[in-house]
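Listed below, chain by chain, are the residues.
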Number of protein chains: 2
Amino acid sequence: MTDSTDLTEDGSTSDNAARILLAEAMLDAIRSVSVDGLGVTRPSYGAAEGAAHGILARFGEETGMVVRTDEALNTWVQLPGTHPDEPMIVTGSHLDSVRNGGNFDGAAGVVAGLLTLRELQRGPALARTVAVVAFRGEESAWFGTCYAGSRALVGHLEADMLASRSPESNLSLGEVMTSAGADMAKIEGQTPLVDVGSIGHFIEVHIEQGPDLLSQGVALGAVTGIRGNRRYSDIRWSGEFGHSGAVPRTLRHDAVLGVSEWIQAIEQEWISEQQAGADLVMTSGILSTDPLRHGVTSIPGAVKTSLDIRSVEHSTLERFDRWVLDTAADIAGRRGLQVDFGTMIETAPAVIASEMVSMIVGVAQGLGQPIVALPSGAGHDAAALASAGVDVGMIFVRNSNGSHNPDEAMETSDLCAAVPLLVGVIRELGQV
Amino acid sequence: MTDSTDLTEDGSTSDNAARILLAEAMLDAIRSVSVDGLGVTRPSYGAAEGAAHGILARFGEETGMVVRTDEALNTWVQLPGTHPDEPMIVTGSHLDSVRNGGNFDGAAGVVAGLLTLRELQRGPALARTVAVVAFRGEESAWFGTCYAGSRALVGHLEADMLASRSPESNLSLGEVMTSAGADMAKIEGQTPLVDVGSIGHFIEVHIEQGPDLLSQGVALGAVTGIRGNRRYSDIRWSGEFGHSGAVPRTLRHDAVLGVSEWIQAIEQEWISEQQAGADLVMTSGILSTDPLRHGVTSIPGAVKTSLDIRSVEHSTLERFDRWVLDTAADIAGRRGLQVDFGTMIETAPAVIASEMVSMIVGVAQGLGQPIVALPSGAGHDAAALASAGVDVGMIFVRNSNGSHNPDEAMETSDLCAAVPLLVGVIRELGQV
C-alpha cells in the first residue's frame, strides 16, 4: 500500500491528495477486519483488535521502521534518531472500539501517526527517536476499565482493574490479556514496561467526540486539558408511594418532584459556574422511577438517577460536587425524601502544559492552518501517560455525530491536515 | 353471625361494641375467602369476589332481608319500605380488590351498609325502600375499565370497555362476565338494568385513600366532589444522545434537563392554582430514560413520562391541561427537543350536590360526631351513578397507609362511627 504513494514534506496539493489516499487505504484496511454489519467492533484484547495491530506492524516493516510489541501487546513502530539515548517523542492512540462503534475513534490517531512517521522518514534525520504506538484496550465498554494498555505501560494497571470482568463473557481483563499472549509478570507487579523517563513527549491525535470544532468551522483543535470526572452511577431518591388522586400536595413525598428540582438547580449552578469562567459539564444520563412499582396513578416513591460531572480543573470538580450533595440534602430534607448517592468514582483531570498547547498552536499558525484551543471532555490514553509524568499534547480532528456509534463521520482531509502539524511539532521537539 | 348480637338504635357504648364485633366478623369472613399470603386479592368477576358476594347474600337472607342479583351480578340486599313505589335509597360499594390489596377498599362500605340496614330494620319502618348494593368490578387494575358493575347498572358499560382484556389472562371483561354468569343482553345494549329514576339517592361509605382525615385527626369526612382527571400515560421527550464529556452545554439537547424543567414548572403552577383557590392534584408517576440506550456517560436523548391531573372542577382540569401542554412546547422549543403527549384519557369530575354535603354534615353535628368536608381524589362507583343523574353522597372513613396495598389500616371503630351517621341520613331521606 506504500509504493504507489510518494509523499514529501512540502505539503503541496498533490502531496496532500496522496496523503488522503494512503490514510483512506489504511483506515479501510482496519475497518475491513472489524465490520459487524452496522459499524465496527474491535473488542479490547480481542481478535479484531489484534488484526488491526497486524496491519500497523506490516506497514512498519514494509516501510523499514523498527517494529516491536511490549508485554501488554501494545504495538510500537519506531524511527530511530541519531541520539538514541535521548527521550523518545511518541505519537499514536488506540485500535480497539466499542461494540457497533465507528472506525475513527482511536484508529484515526494511529493512522495520522504513521503518515507523520513516513514523512519524517523522508526528511532530515532527527536527533530523538520518534515512535507511533497503538495502545490496546482503551475503551471501558468491555471490562469497565479504560486505558488498559497505556496504564500497563506506565505501571498503573491495578489488580482490581485486571480482575474486572466482561459482563458478556464473564472473563476478566487479566484472563483475556493472558489468552491474547500478554506477559503478565511486570503488569501484575505494576512495574512500568519502559523507563517512563525515556518517553519525553506523547502527542495524541484523536477525533473530537463533541461538536465544538464542527460548530466553529475549524478542522483542528489544540487540547488544553483532559477533563477529569466524578461519577455517581446509582443515586437513589426515595419518598412515599401513594394514590395520585387522594393525597394532598403538602402530604406528598414525591421522589420525581424532588429529583426534578435537584436537576434544575444543578443546571442553574452549572450556568453560574460557566459564567464565572469554570470549565464544567454535567450529565444525568440515567433517570428512572421503579418499574416494578411505578404507575400513572401512583405518586412515585422511588427514583434512581446518575450524575457525571467533568472539568479540567480539580477545584471545580470538588466545589461543584460538594454543591450538588448539599443541594440534594437540602431538597430531600424540605420534601421529606431520602437520598443516597452510593459510590463515587473519580478520575483526575489530566494536565496539558500550556507550553505544549502554545507550541501546537504556534506551529499551526506557521503553516497557515486554522486551529482553536479546547478541552477534551472524553478521556484518552494521553491521560494515563500524563498521570505518570510524561509531557503530553493532543490534537483534535473535527468529526460529526459524536463517537461510539456507527455514524461518526470524519473527513479524511481533516485528518490529513493534522499530519503537517504533527510533523512540524515533532521536528521542533526532535532536536537536542 | 347474627344471633349473638343485639343491636339497637340508641348508639350506646355497649351497642357500639356489638357493632364493632359484627363489623370485624364480616370483614374477617370476606378476608378469609381472598387471602393471598400478602394481602387480599379479589379479581373483578372472579371467584374470590363471588365468594364475598355470597357472604353478603347469606347475611341478608339470615336477617330476613330481600336479596337479589342483577344482570351484571351486583348483589342487592333490601329492606322494603311502606311506599315501595317511591325511589329507593341505596348505600354500598364494591367487593373486588386489586392484587395484593387491602381488605377495606370497597368492602368496608358494604359492611357499613349492612350494619346500617340491620339497625334500620329494628327501628320504625321507613316509607322508602333502603338497599345495600355490592358492585362488581370496580377496580381498573384487572381490565383497565373501572366501575364495571355500576356502569352496567346505569347502561354506561361501553363496547370498548367490555372488549378490554386482562394483560394476564388475555380474556376480555365481557368474556369473564359471561363466564361468571352475567346476562349480557341488556348490558351490551347499554340498557339500564333498573329504571335509574327508581334510585333516589346513593350514599357510598368508603375508606379515604389519602391521609387527610388522619392528619386532621377526624374519623369521618363528607365528600364534596369526586375528582375527574386528564391522564397522559405515554409522553415522549426526545433530544439528542451524545458523549457526556465532549458536548458543550449550549450544543446539548438533553431530554432529562427538559423534562425536569417542565415538571418543576408544573409544580409551581400547581401551587399558584391552589393559592388561587382551585382544587388540583398532579402526579408524574412514570419517568424513565430509555433503558436500551441510556448510560452514566451518555447525554440522555429520550425520556418517557406520564401525567395525571385531577380536579373536582372541569374548568380547572381544562385550564391546567392547556398550561401544561403550552409550557412543554415552550421548553422543548427553547432546548431543541421534541415532545409528544400521545393519547389523553379524560374522566369527568362527579358532582356531589351541596345539599347532600350539608345534610351529612348536619346529621353528624346532631350526633356530636366530628366531620370534615373534603374532595375525593380517587374515583368511586358513586361517580358512575352521579353521571346517570342519581343524587349521590359519600362518607369517607379515616384510613392509614393509603389503599391498593396490604398495609391499608382502618380502625373498625372509625367505620362503625359512620353507621349512626348513615342511619340518621337515611332516616331523614326516608320519609315521603
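Right, let's walk through the structure included here.

## Re the overall build of chain A
So, point 1. Counting its regular elements, chain A contains 13 helices and 17 strands.
So, point 2. Computed over its C-alpha atoms, the radius of gyration of chain A comes to 24 Å, within 12% of the 22 Å expected for a compact globule of 432 residues.
So, point 3. Taking the principal axes of the C-alpha coordinates as reference, chain A spans close to 80 × 45 × 40 Å.
So, point 4. Across the 432 residues of chain A, 60% fall into the buried class.
So, point 5. When contacts within chain A are restricted to residue pairs at least 6 apart in sequence, those whose partners lie at least 24 apart make up 77%.
So, point 6. Taken as two groups, the 28 positive and 55 negative side-chain charges of chain A have centres that lie 5 Å from each other.

## Considerations on the relation of the copies chain A and chain B
So, point 1. Superposition of chain A onto chain B requires a rotation of 179° combined with a translation of 0.0 Å along the rotation axis, giving an RMSD of 0.1 Å. Here the symmetry operator amounts to a two-fold rotation axis.
So, point 2. A share of 100% of interface residues in chain A that are also interface residues in chain B marks the association as one of identical surfaces.

## Looking at the packing of helix H9 (residues 255-275) of chain B against helix H10 (residues 314-335) of chain B
Residue and element names in this part refer to chain B.
So, point 1. Running from amino to carboxyl end, H9 crosses H10 at an angle of 150°, the nearest separation of the two axes being 10 Å. Considering their axes alone, H9 and H10 lie roughly antiparallel with respect to each other. In terms of crossing hand, the pair formed by H9 and H10 is right-handed. The segment H9 lies against H10, with Leu257, Gly258, Glu261, Trp262, Ala265, Ile266, Glu269, Trp270 and Glu273 engaging Thr316, Arg319, Phe320, Trp323, Val324, Thr327, Ala328, Ile331, Arg334 and Arg335.

## Regarding the packing of aromatic side chains
Residue and element names in this part refer to chain A.
So, point 1. Counted by the stated rule, this structure contains 10 aromatic pairs over all chains.
So, point 2. Ring pairs connect the aromatic residues Tyr232, Trp237, Trp262 and Phe341, which therefore count as one cluster.
So, point 3. Positioned above the aromatic ring of phenylalanine 241, the side-chain terminus of arginine 293 is 3.9 Å from the ring centre.

## Structural notes on the interface of chain A and chain B
So, point 1. Tallying the contact residues gives 52 residues for chain A and 52 residues for chain B.
So, point 2. It is Arg249, Leu287 and Val296 of chain A that lose the most area in chain A upon contact with chain B, and together they represent 16% of the buried surface on that side.
So, point 3. Run the count over chain A and chain B and you get two salt bridges.
So, point 4. Counting the contacts that link chain A with chain B gives 20 residue pairs in polar contact (both at pLDDT 80 or more).
So, point 5. For the side of chain A that touches chain B, the secondary structure elements donating two or more residues are helix H8 (212-216), strand E7 (228-238), helix H9 (255-275), strand E9 (281-283), strand E10 (287-289), strand E11 (298-299) and strand E12 (302-311) of chain A.
So, point 6. Partitioned by chemical class, the residues of the side of chain A that touches chain B number 19 nonpolar, 22 polar and 11 charged.

## Overview of the side chain of aspartate 279 of chain B
All names here are of chain B.
So, point 1. Residue position: aspartate 279 is located in the loop between H9 and strand E9 (281-283).
So, point 2. In terms of polar contacts, aspartate 279 uses its side chain to reach the backbone amide nitrogen of valine 312, at 2.9 Å.
So, point 3. The contact partners of aspartate 279, leaving out residues within four places of it in the chain, are Arg227, Arg310, Ser311, Val312, Glu313, Thr316 and Pro375.

## Here's the deal with empty space enclosed by the protein
Residues and elements named next belong to chain A.
So, point 1. Inspection of the entire model under this criterion finds one cavity of 30 Å³ or more.
So, point 2. Taken as a whole, the largest cavity encloses approximately 30 Å³ of empty space.
So, point 3. Along its surface, the largest cavity is lined by Met26, Ile30, Ala52, Ile55, Leu56, Val110, Val111 and Leu114.
So, point 4. Put simply, the parts of the chain that give the lining of the largest cavity at least two residues each are helix H1 (13-32), helix H2 (47-62) and helix H3 (107-121).

## Quick word on unusual backbone geometry
Residue and element names in this part refer to chain B.
So, point 1. One non-glycine residue, tyrosine 147, lies in the positive phi region at around 60°.
So, point 2. Of note, tyrosine 147 is situated in the loop between strand E4 (130-135) and helix H4 (148-153).
So, point 3. With a phi close to 50°, glutamine 190 is a non-glycine residue in the positive phi region.
So, point 4. Looking at where glutamine 190 falls in the secondary structure, it is placed in the loop between helix H7 (184-188) and strand E5 (199-207).

## Examining the pattern of salt bridges
So, point 1. One pass over the structure, following the stated rule, counts 36 salt bridges over all chains.
So, point 2. Here arginine 230 of chain B ties to glutamate 346 of chain B by a salt bridge, and the two come within 3.1 Å at their closest N and O atoms. One end of the pair, arginine 230 of chain B, is in strand E7 (residues 228-238); the other, glutamate 346 of chain B, is in strand E14 (residues 344-347), with 116 residues separating them in the sequence.
So, point 3. Among the residues examined, glutamate 346 of chain B registers a relative accessible area of 36% and is labelled partly exposed.
So, point 4. Among the ionic pairs, arginine 335 of chain B bridges to glutamate 261 of chain B, the shortest N-O distance being 2.8 Å. Separated by 74 residues along the polypeptide, arginine 335 of chain B in helix H10 and glutamate 261 of chain B in helix H9 bring together distant segments of the chain.
So, point 5. Given the relative accessible area of 17%, glutamate 261 of chain B is considered buried.
So, point 6. It is possible to trace a salt-bridge network through shared partners that takes in Glu261, Asp330, Arg334 and Arg335 of chain A together with Glu267 of chain B.

## What to know about helix H6 (residues 173-180) of chain A
Residue and element names in this part refer to chain A.
So, point 1. What H6 keeps buried is the set Leu173, Gly174, Val176 and Met177. One side of H6 carries all its buried residues, which in axial view fall inside an arc of 165°.
So, point 2. Residues of H6 that are buried in the fold lie against helix H4 (148-153), helix H5 (159-163) and helix H7 (184-188).

Conventions we followed
- Residues numbered from 1 in each chain as written.
- Chains lettered and ligands numbered in written order.
- Predicted model: local features only at pLDDT ≥ 70, side-chain atom pairs only at ≥ 80, totals over all residues.
- Heavy atoms only, no water.
- Helix = DSSP H or I, 4+ residues; strand = E, 2+ residues; numbered from the N terminus.
- Rg over C-alpha atoms; globule rule 2.2 N^0.38 Å.
- Buried < 20%, exposed > 50% of the residue type's maximum accessible area, 1.4 Å probe, protein only.
- Contact = heavy atoms within 4.5 Å.
- Lys, Arg positive; Asp, Glu negative; His and termini not counted.
- Charge placed at Lys NZ, Arg CZ, Asp CG, Glu CD.
- Least-squares fit on C-alpha atoms with pLDDT ≥ 70 in both.
- Axes fitted to C-alpha atoms, helices over the stretch in contact; angles between N-to-C directions.
- Parallel < 35°, antiparallel > 145°, perpendicular 65-115°, else oblique.
- Left-handed = near helix turned anticlockwise from the far one by under 90°.
- Phe/Tyr/Trp six-rings, centres within 6.5 Å; stacked < 30°, edge-to-face > 60°.
- Lys NZ or Arg CZ within 6 Å of the ring centre and 35° of its normal.
- Buried area = accessible area lost by both parts, 1.4 Å probe.
- Salt bridge = Lys/Arg side-chain N within 4 Å of Asp/Glu carboxyl O.
- Polar contact = N/O pair within 3.5 Å; in protein donor to acceptor, adjacent residues only side chain to side chain.
- Nonpolar A, V, L, I, M, F, W, Y, C, P; charged D, E, K, R; others polar.
- 1 Å grid on protein atoms, 1.4 Å probe; cavity = no way out; pocket = protein on both sides within 12 Å on 5 of 7 lines; lining within 4 Å.
- Points joined across faces, edges and corners; volume = space filled by probe spheres on them.
- Arc of directions from axis to C-beta.

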